[in-house]
Amino acid sequence: MRPVTRNLILAIETSCDETSVAVVADGTEMLSNVVSSQIDLHARFGGVVPEIASRSHLETLEPVLEQALEEAEVSPTDLAAVAATNGPGLNGALLVGVTAAKTLALAWNKPYVGVNHLEGHLFAAFLERPDIEPPLITMLVSGGHTSIVHVRARGDYDVVGSTIDDAAGEAFDKVARYLGLGYPGGPVIDRIAENFEGEPIHFPRGMMDGTLDFSFSGMKTAVINYVRKHPDTPNDALAAGFQEAVVDVLVSKCMLAVDRFGVATACLGGGVAANSALRQRFAAECDARGVDGLVPARQFCTDNAAMIAAAADWRLRADGPTPLDTGATPNLRLGSRA
Ligand code: KG4
Ligand code: ZN
């Protein structure tokens, strides 16, 4: 067992379709980060089925928890706190993690910390680069959210742009479903686009000029209309063209925010930040501006408990424990804790 010299947080993430438990020391040093994905269970339905998600979290949480403690080589007595994502997310799925974390906190006599999932995605950057300091711009792009956040300080966030319709990941998933490419769509489209050597179809960008907001629904419709008019177009030319358009919009808006707020650091977060083309374009545009562009490792972009533990560490220091009568909040907003 490790000596108890550091602030060890055990965190549970069950907001959507990943069951994850992590142990992180001092908010930055990951000792374990076990992620069990339910993708195979949901794939045949073409999207996440909430009831299946909750049931699967119930079944998987205990072995994932045991593995996380074992890999971290810590015992519950070493922990400083037990944390869980308490929103936003699927209600039943969130409740599994929140109830487990509160029960463990009571049983082990540790403080409980409820963490906003979106704040967790923001803290993923600090896991890899504890040296970076706000102010910075983080673009959060996932299956449920697409926003540009001006992080003025830890805990002080301004959502300066967001989608007015579909989230970026949702658009990837819907286009992939329409093209019969399977679920989740993002990784499939990413792979197809990477191997495609021809000329991608050009789709309109939906730039929402001058604003930091996004609209992806029109881009999805553009793909559908194009296929109706040109039914023989190969899927890879469509997928590559769609990805190119989405990446173009995302990176342009993020750089607009970087310029507008004059920050020296920009970060990516959320599942879509695993996209190869987005990672490359974002890094290149940051380089061109002399901005420190942080692209977290893929394991910290998609849902994971290490980022929740990182945020919990800071929240515990800033606000203290979360009362045990605080529940789960499916539509929790960034900046709110309950
Ligand atoms: O953050 P995340 O794991 O879960 C949510 O909180 O939503 O994001 C999942 C989303 C899905 O829509 C998935 O298609 C997308 O992220 N995604 C990707 C890639 N990997 C996952 N999108 C584009 N390219 C990828 N490589
Ligand atoms: Zn997420």
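Above this text is the structure in question.
Thresholds applied
- Residues numbered from 1 in each chain as written.
- Chains lettered and ligands numbered in written order.
- Predicted model: local features only at pLDDT ≥ 70, side-chain atom pairs only at ≥ 80, totals over all residues.
- Heavy atoms only, no water.
- Core = buried A, V, L, I, M, F, W, Y, C linked by side-chain atoms within 4.5 Å.
- Buried < 20%, exposed > 50% of the residue type's maximum accessible area, 1.4 Å probe, protein only.
- Helix = DSSP H or I, 4+ residues; strand = E, 2+ residues; numbered from the N terminus.
- Contact = heavy atoms within 4.5 Å.
- Donors = N, O, S within 2.8 Å, 3.2 Å for Na, K, Ca; no water.
- Pairing = 2+ DSSP bridges.
- Expected span 1.5 Å × (residues − 1).
- Near = heavy atom within 4 Å.
- Polar contact = N/O pair within 3.5 Å; in protein donor to acceptor, adjacent residues only side chain to side chain.
- Nonpolar A, V, L, I, M, F, W, Y, C, P; charged D, E, K, R; others polar.
- Domains from an automatic or database assignment.
- Salt bridge = Lys/Arg side-chain N within 4 Å of Asp/Glu carboxyl O.
- Patch = residues over 30% accessible without salt bridge, like charges linked within 9 Å, V, L, I, M, F, W, Y side chains within 5 Å.
- Areas by Shrake-Rupley, 256 points an atom, 1.4 Å probe, with all protein chains shown as cover.
- Lys, Arg positive; Asp, Glu negative; His and termini not counted.
- Charge placed at Lys NZ, Arg CZ, Asp CG, Glu CD.

Asker: So what exactly am I meant to see when it comes to the nonpolar core here?
Answerer: Among soluble globular proteins, nonpolar side chains are generally buried collectively. M139, F216, F242, L250 and L278 are the most contacted members of the largest nonpolar core, which totals 50 residues. Those elements giving two or more residues to this core turn out to be β6 (136-141), α5 (168-178), α6 (185-195), α7 (217-229), α8 (235-261), β9 (265-269) and α9 (276-289). When residues of this core are assigned to their parent elements, the largest contribution, 15 residues, is made by α8. Leave out the neighbours within four places in its chain, and F216 touches T146, T163, D165, D166, A167, A168, A171, V246, V249 and L250. Counting 34 residues, the second-largest nonpolar core is a separate cluster that includes I9, I132, L140 and C267.

Asker: Would you take a moment to explain the environment of D319 for this structure?
Answerer: Within the element layout of this structure, D319 appears in helix α11 (residues 305-319). The partly exposed category is assigned to D319, whose relative accessible area is 41%. Between the C-alpha atom of D319 and that of Q243, which follows or precedes it by 76 residues, the distance is 41 Å.

Asker: For this particular structure, what's the right way to read the coordination of the zinc ion (ligand 2)?
Answerer: For a metal bound by four donors in a tetrahedral arrangement, the ideal donor-metal-donor angle is 109.5 degrees, while six donors in an octahedral arrangement ideally sit at 90 or 180 degrees. Listed as protein donors to the zinc ion (ligand 2) are H117 (NE2), H121 (NE2) and D303 (OD); their distances from the metal cover 2.1 to 2.2 Å. All donor residues of the zinc ion (ligand 2) come from one chain, and their arrangement in sequence is H-x3-H-x181-D. Placement of H117 in helix α4 (residues 117-128) and of D303 in the loop between α10 (298-301) and α11 is noted, with a sequence separation of 186 residues between them. For H117, a relative accessible area of 5% puts it in the buried group.

Asker: Looking at this model, I keep getting lost on the pairing of strand β8 (residues 156-162). Mind explaining?
Answerer: For a regular strand, side chains alternate in direction, first toward one face of the sheet and then toward the other. Relative to β8, strand β7 (residues 146-153) is paired through six bridges, and the arrangement is antiparallel. If you follow H150 over to β8, its bridge partner there is D158. Counting the residues that bridge the hairpin from β7 to β8 gives two residues, and of these G155 lies at a positive phi of roughly 85°.

Asker: Even after reading the chapter, I still don't get the pairing of strand β2 (residues 18-25), so can you show me in this structure?
Answerer: Counting buried residues along β2, eight of its eight residues qualify, which places the element largely inside the surrounding structure. Neither face of β2 is exposed, since E18, S20, A22 and V24 on one face and T19, V21, V23 and A25 on the opposite face are all buried. Pairing analysis gives six bridges linking strand β1 (residues 8-13) to β2, with the strands arranged antiparallel. Bridge pairing in β2 places L10 opposite V23. From the end of β1 to the start of β2, which pair antiparallel, there are four residues. Joining the antiparallel neighbours β2 and strand β3 (residues 29-37) is a turn of three residues, in which D26 adopts a positive phi near 55°.

Asker: Just to check I follow, could you spell out α8 for this structure?
Answerer: Helical periodicity: at 3.6 residues per turn, an α-helix aligns residues three or four positions apart in one direction. In this model, α8 (27 residues) spans 39 Å end to end at C-alpha, consistent with the 39 Å of a helix rising 1.5 Å per residue. Most of α8 is tucked away, with 19 of its 27 residues classed as buried. Backbone geometry just after α8 places G262 at a positive phi near 60°.

Asker: Explanation requested: the site of ligand 1 in the structure shown.
Answerer: As a matter of local geometry, ligand 1 sits amid 20 residues, with G143, D173, D190, G271 and N275 nearest to it. Within the side chain of N275, a nitrogen or oxygen atom sits 3.0 Å from a nitrogen atom of ligand 1. Between ligand 1 and the protein, one listed contact pairs an oxygen atom with a side-chain N or O atom of D303 at 3.2 Å. Mapped by element, the contributors of at least two residues to the shell around ligand 1 are α4, α5 and α6. Here the element with the most residues in the shell around ligand 1 is α6; it accounts for four residues. For the shell around ligand 1, a count of residues per class yields five nonpolar, 12 polar and three charged. Split by domain, the shell around ligand 1 shows at least three residues from each of two domains, domain 1 (8-122 + 302-319) and domain 2 (134-300).

Asker: Can you help me understand the pattern of salt bridges in this one?
Answerer: As enumerated under the stated definition, the model contains 18 salt bridges in all. In this structure, R6 and E29 form a salt bridge, with 2.7 Å as the shortest nitrogen-oxygen distance. Taken together, the residues R6 in the segment before β1 and E29 in strand β3 connect sequence positions 23 residues apart. Under the relative-accessibility criterion, E29 is labelled partly exposed at 36%. When the shortest N-O distance is used, the salt bridge between E285 and R281 registers 3.8 Å.

Asker: Help me understand a negative patch on the surface in this model?
Answerer: Together, E62, E66, E70 and E71 line one region of the surface with negative charge. Along the chain, E62 falls in helix α2 (residues 50-72). Judged by its relative accessible area of 54%, E62 is exposed.

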